[in-house]
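# Descriptive structure summary
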Amino acid sequence: MDTETVLEHFRATGALLEGHFELSSGLHSDRYFQCALVLCEPWRAEALARAFAAKVETEVDVVVGPAMGAVVWAHEVGRALGKRALFTERKDGVMSLRRGFGFRPGERVLLVEDVLTTGGSAREVIEVVEAHGAQVVACGCLVNRSGKNPFADLGLPLTELVRLEVQTWEPSACPRCAEGSPAVKPGSRTVATGGGA
Ligand SMILES: [Zn+2]
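Counting restarts for each chain: residues are numbered from 1 in the order of the written sequence. Owing to the predicted nature of the model, reporting of local features is limited to residues with pLDDT of at least 70; listing and counting of side-chain atom pairs is limited to 80 or more, with chain, interface and lining totals taken over all residues.

This part takes up the overall build of the chain. Secondary structure follows DSSP: runs of H or I at least 4 residues long count as helices, runs of E at least 2 residues long count as strands, and numbering of each begins at the N terminus. Looking only at helices and strands, the chain features 6 helices and 9 strands. Taking 16 Å as the expected radius of gyration for a compact globule of 197 residues, we find that the chain reaches 17 Å, a close match to that expectation. Along the longest, intermediate and shortest principal axes, the C-alpha atoms of the chain span 50 × 35 × 30 Å. For every residue, the other C-beta atoms within 10 Å of its own C-beta are counted; 20 or more classify it as buried, 12 or fewer as exposed, and values in between as partly exposed. C-beta atoms are placed from the backbone. Within the chain, the fraction of its 197 residues that count as buried is 42%. Contact criterion: two residues are in contact if their C-beta atoms, reconstructed from the backbone, are within 7 Å. Sequence-distant contacts in the chain: of pairs separated by 6 or more residues, those separated by 24 or more amount to 61%. C-alpha atoms define the radius of gyration, and 2.2 Å times the number of residues to the power 0.38 defines the globule rule.

Below is the structure:
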């Protein structure tokens, strides 16, 4: 599936937003991918996950993604690969594996994100997986906004369905904040204070 076809799915569902956003990483940007709006149409999620799975070259046993954003995506990728799909979640701020989820010793894990920005949450997932006796052997995402493979230093390959570089700023350097507009946290209706502005 080429980039334009992927973007057609995003545009058709209003999942490509423009404005002033505070990302989960704390950085600000003027565009945001609300993947949930694509993935909530299961036929689109299935088509995207199949296209993604076809690009994964590493043999894996299980797919894992961090909640909430990657829950549906991990599930669809697991379906496309014929592997089970788990998710991690934060408990008192700490990334954790709950709900009875676990790994057999040495299982090979594909870590997936829906939108990859800094890879910060993903690194926490890697620690959780290792603490449970399995090993992340590859990473992947639906949209890579980072412009690179943020896991290259860990020697992990990255599969991405589409790579789109979107400029991000520290709040103190954000031009939209400088204009005085409030940053919105997509996915909630909360209006943030605009960081360091
Ligand atoms: Zn801003």
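This part covers the environment of Leu7. Positionally, Leu7 belongs in helix H1 (residues 3–12). The class for Leu7 is partly exposed, based on 16 C-beta atoms found within 10 Å. Taking the C-alpha atoms as reference points, Leu7 and Pro66, 59 residues apart in sequence, are found 23 Å from one another.

With respect to the element layout, Leu97 can be found in the loop between strand E5 (94–96) and strand E6 (108–116). Of the residues examined, Leu97 has 20 C-beta atoms within 10 Å and is grouped as buried. Sequence-wise, Leu97 and Cys177 are 80 residues apart; in three dimensions their C-alpha atoms are separated by 36 Å. With residues up to four places along the chain from it excluded, the contact list for Leu97 reads Thr88, Gly102, Val128 and His132.

Between any two strands, pairing holds if DSSP finds at least two bridges. Sheet analysis places strand E1 (residues 16–22) next to strand E2 (residues 28–33), joined by 5 bridges and oriented antiparallel. The partner of Phe21 across the bridge, within E2, is Ser29. The turn linking E1 back onto E2 is made up of 5 residues, and Gly26 within it adopts a positive phi angle of 95°.

Next up on the list: the environment of Ala54. The residue Ala54 is located in the loop between helix H3 (42–53) and strand E3 (62–66) in this model. As a C-alpha pair, Ala54 and Thr159 span 105 residues in sequence and 9.9 Å in three-dimensional space.

A separate point is the sheet that holds E1. One open sheet holds the 3 strands; their spatial order is E1-E2-E9, and the pairing between them is antiparallel. Looking along the sheet, the strands with just one partner apiece sit at the ends: E1 and strand E9 (168–169). Sheet topology places E2 next to E9; 2 bridges connect them, and they run antiparallel. By the bridge assignment for E9, Ser29 is matched with Thr168.

Further remarks concern the nonpolar core. Core analysis: the largest hydrophobic core is formed by 54 residues, its most contacted members being Val63, Val64, Val77 and Leu111. Those residues in contact with Leu111 that lie beyond four places of it in its chain are Val64, Gly65, Ala122, Val125, Ile126, Val136 and Cys139. We define a nonpolar core as a collection of buried residues of the types Ala, Val, Leu, Ile, Met, Phe, Trp, Tyr and Cys that are connected via C-beta atoms lying within 7 Å of each other.

The pLDDT averaged across the chain works out to 91; a share of 94% of its residues lies at or above 70. Within the model, pLDDT remains below 50 along residues 189–197, and this stretch shows 25 contacts once partners closer than five positions in the same chain are excluded. Residue-level confidence of the predictor is what pLDDT reports, using numbers from 0 through 100.

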